[in-house]
Structure formats: structure tokens, C-alpha cells
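This is what each chain is made of:
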Amino acid sequence: MKHSADYPLATRPIMGFADAYPAGMRDPPHSHPRSQLTYSSAGVMMIGAAEAVFMLPPRRAIWIPAHLVHEVQCRGPVSAYTLYIDPALDPNPQTARVIEVSDLVRALVFEVGHFHPAYDMEGREGTIASLLLSEIRRMAVTPSDLPMPRDPRLLRVCHALMDDPADQRDLDEWASLAAMGRRTFTRAFRRETGAGLATWRQQVRLMAAIPMIEAGKPVAIVAYEVGYESPSAFTATFHRVFGMPPSAFINQPHDRQA
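Residues numbered from 1 in each chain as written. Predicted model: local features only at pLDDT ≥ 70, side-chain atom pairs only at ≥ 80, totals over all residues. Heavy atoms only, no water.

Caption draft 1: How the structure looks around the sheet that holds strand S8 (residues 78-85). Taking strand neighbours across the sheet as the criterion, the 5 strands line up as S1-S8-S3-S6-S9 in an open arrangement whose pairing is antiparallel. Bordering the open sheet on either side are strand S1 (14-21) and strand S9 (97-99), each of which pairs with just one other strand. Going from strand to strand, the sheet's axes swing by 20 degrees on average, the running direction of each strand aside. Looking at chain direction, strand S6 (residues 61-64) and S9 are connected through 3 bridges and run antiparallel. Within S9, the position partnered with Ile 62 by the bridge is Val 98. Helix-sheet contacts for helix H2 (residues 124-136) involve S1, strand S3 (35-42), S6, S8 and S9, and the interaxial angle to S1 is about 75 degrees. (Pairing = 2+ DSSP bridges. Helix = DSSP H or I, 4+ residues; strand = E, 2+ residues; numbered from the N terminus. Axes fitted to C-alpha atoms, helices over the stretch in contact; angles between N-to-C directions. Contact = heavy atoms within 4.5 Å.)

Dropping the structure here:
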């Protein structure tokens with residue numbers, strides 16, 4: 001596992017490296033003086049930042065603004081490319097977001113991730129770096145974040161669901177766990193997360209399902225383990241959110257390894 005401090009990142013507007021992370025890796029809360037773009041070529045990362053948890057599945061990237069405190073967890077092994085970018089070049093410096101990655105951006109990330117620290121800014125490498133930054137601005141944002149409430153009573157519920165997405169407690173039981181009445185809990189949860197509990201729990205279940213699917217577990221088993229009553233219900237929800245069924249997600253071609 002490599003660390004940004006080991007590289008002369010300030011020598012060029014954009015610098016980076018390829019790396020691999022073992023299952024169970026956790027990088028505690030930290031920040032960087034540069035903006036960060038991390039692209040997962042294989043495996044799923046969970047990034048906590050800005051009162052939200054982001055899921056980074058394979059073949060997508062996350063932009064983390066400079067100085068934003070964040071932490072990273074890998075439930076399974078991950079191969080990734082991480083680029084560090086002069087914050088003056090971030091078109092939206094206050095916003096962490098997961099972005100779609102085109103074939104062109106993917107190829108450019110691979111190239112920049114292998115640049116020499118003293119690459120020629122006026123030559124081929126400088127042209128590629130500039131093109132990558134231009135293309136990143138054009139990429140669509142994908143809904144892969146899970147807003148987290150500030151209220152510790154609501155956080156108690158959220159952490160319980162994240163620990164066990166298949167937990168089948170009903171709304172009254174979750175309200176009781178939060179020591180709130182049903183109506184108060186419902187209003188407070190929506191106010192602080194922007195979603196109702198059912199929608200929020202659905203996202204937790206999908207986030208928990210992706211690493212299992214990546215590991216090769218049968219879809220039917222994954223569906224039950226994350227709390228769905230049937231594989232068909234799970235597949236329909238997965239397709240609606242990710243634009244493809246789990247089977248297509250599994251069969252996507254893998255990138256070359258970092």
C-alpha cells in the first residue's frame with residue numbers, strides 16, 4: 001500500500017500512482033492539500049466524507065476536494081489509481097462526488113497514473129494531463145452517496161442498518177431505538193438525510209450487495225443476505241439504480257490491474 005506522502009506530488013499540477021489494497025484495509029480520517037481523484041479498477045471502496053458515505057464500485061471514480069477530511073475502507077481487495085490535483089484546477093472545490101468514467105477518461109487515468117514525477121509539462125504528458133482534467137469536468141455524477149444524519153439518536157439507527165442491512169425491524173422499532181415517537185423519527189430522519197428510512201435502507205442494502213457480487217456470490221444468496229424477500233425484487237431494484245442487472249454488472253470486463 002502506497003501513501004501520498006511518499007511522492008513529490010507538488011512538482012506538477014497532476015500526479016498519481018497505481019496501488020492495491022488488501023481486504024479489511026481502513027485508512028483513518030485524514031485530508032490532503034490537493035484534490036484527489038480515485039478510480040477503482042477492481043473491488044469496492046467505501047469513503048466517508050462530508051457527512052456522507054460514498055460507495056465507489058469498479059469502473060467509477062470519486063473526486064475528493066482538497067482539505068476535505070475523509071476515511072477509506074475496503075471490505076475486499078481493491079486495485080485503484082489515485083491522482084492528486086492542484087486544487088486551483090477543481091471546478092467545484094466544495095463537493096465530493098462519484099462520477100461516471102468514459103473509456104477515454106479511464107485510459108487517461110491509466111496513463112497519468114504511471115507518469116514520472118518530473119514529466120514534461122510542455123510535451124506529451126502535459127497534454128494528456130490537461131485533456132484528463134478537461135474530460136473529468138464533463139463526466140456525469142452518479143448517485144452513490146449515503147447521507148448521514150448529525151443527530152446521534154438517528155446515527156444509532158443508521159449504524160445498526162449499516163452493520164446489518166438485512167435487519168427487518170419495522171419503522172416503530174427503529175423509532176424506539178432512536179428513543180423517538182414514530183412521527184418525530186420520520187420527520188427528523190427525512191430532514192437530516194433528505195430521504196425516508198425505506199429509501200435510505202435500500203441504498204445501504206445495495207452498497208452492501210456490490211462487494212458480494214464482485215466476490216462472485218450467487219445473486220440469489222446476495223439478495224437474501226442484504227434483506228430482500230426475493231432475488232427478483234433485488235434484481236429489479238439493482239437494475240433501476242445502476243442501469244443494469246446484477247448479472248451484467250458481474251460480467252463487465254475488468255480493467256488491467258493496478
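Caption draft 2: View of the packing of aromatic side chains. Tallying each qualifying case throughout the model produces 8 aromatic pairs. Note on Tyr 39 and Phe 110: the rings are 6.1 Å apart at their centroids and 70 degrees apart in plane angle, and the pair reads as edge-to-face. On the criterion of sequence distance, the pair formed by Tyr 39 in strand S3 and Phe 110 in helix H1 (residues 103-112) is long-range, its members being 71 residues apart. Judged on exposure class, the residue Tyr 39 and its partner Phe 110 are both buried. Between Tyr 81 and Phe 110 the ring centres are 4.9 Å apart and the planes differ by 45 degrees, which places this aromatic pair in the tilted class. Here Phe 110 lies in helix H1 and Tyr 81 lies in strand S8, a separation of 29 residues in the sequence. Tyr 81 sits in the buried class, given a relative accessible area of 1%. Among the aromatic residues, ring-to-ring pairing joins Tyr 39, Tyr 81 and Phe 110 into one connected group. The aromatic ring of Tyr 228 is capped on one face by Arg 205, whose charged end is 5.8 Å from the ring centroid. (Phe/Tyr/Trp six-rings, centres within 6.5 Å; stacked < 30°, edge-to-face > 60°. Buried < 20%, exposed > 50% of the residue type's maximum accessible area, 1.4 Å probe, protein only. Lys NZ or Arg CZ within 6 Å of the ring centre and 35° of its normal.)

Caption draft 3: Representation of the packing of helix H3 (residues 152-163) against helix H6 (residues 197-214) within the structure. Two elements in contact, H3 and H6, have axes separated by 9 Å at closest approach and are oriented at 35 degrees. The hand of the H3/H6 crossing is right-handed. When H3 is examined against H6, the residues Val 157, Cys 158, Leu 161 and Met 162 are found in contact with a partner set consisting of Leu 197, Trp 200, Arg 201 and Val 204. Classifying every residue of the contact of H3 with H6 by side-chain character gives 7 nonpolar, no polar and 1 charged. (Left-handed = near helix turned anticlockwise from the far one by under 90°. Nonpolar A, V, L, I, M, F, W, Y, C, P; charged D, E, K, R; others polar.)

Caption draft 4: Just the pattern of salt bridges, in detail. Evaluated as defined, the whole model comprises 9 salt bridges. With a shortest N-O distance of 2.9 Å, Arg 138 and Glu 135 are connected by a salt bridge. Among the residues examined, Arg 138 registers a relative accessible area of 58% and is labelled exposed. Here Glu 135 falls in the buried class, since its relative accessible area comes to 11%. (Salt bridge = Lys/Arg side-chain N within 4 Å of Asp/Glu carboxyl O.)

Caption draft 5: A look at the pairing of strand S4 (residues 45-49). Burial analysis of S4 places 4 of its 5 residues in the buried class, the great majority of the element. Across 5 bridges, the pairing between S4 and strand S5 (residues 52-56) is antiparallel. Residue pairing for S5: Ile 47 is matched across the bridge by Phe 54. Between the end of S4 and the start of S5, which pair antiparallel, lie 2 residues, with Ala 50 showing a positive phi angle near 55 degrees. Relative to strand S7 (residues 70-74), S4 runs antiparallel, the two sharing 5 bridges. If you follow Ala 49 over to S7, its bridge partner there is His 70.

Caption draft 6: Geometry of the nonpolar core. In terms of nonpolar packing, the biggest core is built from 35 residues, with Phe 185, Trp 200, Phe 234 and Phe 238 touching the most fellow members. Taken together, the elements giving at least two residues each to this core come down to S5, H3, helix H4 (171-177), helix H5 (182-193), H6, helix H7 (219-225) and helix H8 (231-242). The leading source of residues in this core is H6, at 9 residues. Beyond its immediate chain neighbours, meaning those up to four positions away, Phe 185 contacts Leu 154, Val 157, Leu 171, Trp 174, Ala 175, Ala 178, Met 180 and Leu 197. (Core = buried A, V, L, I, M, F, W, Y, C linked by side-chain atoms within 4.5 Å.)

Caption draft 7: Region of the structure containing empty space enclosed by the protein. Tallying each qualifying case throughout the model produces 1 cavity of 30 Å³ or more. One number sums up the size of the largest cavity: a volume of about 60 Å³. If you go around the largest cavity, the residues you meet are Met 46, Arg 75, Leu 146, Met 162, Pro 165, Val 204, Met 207 and Ala 208. Per element, the largest residue contribution to the lining of the largest cavity is 3 residues, and it comes from H6. Tallied by class, residues from the lining of the largest cavity come to 7 nonpolar, no polar and 1 charged. (1 Å grid on protein atoms, 1.4 Å probe; cavity = no way out; pocket = protein on both sides within 12 Å on 5 of 7 lines; lining within 4 Å. Points joined across faces, edges and corners; volume = space filled by probe spheres on them.)

Functional significance is not addressed by these values, which are geometric in nature.
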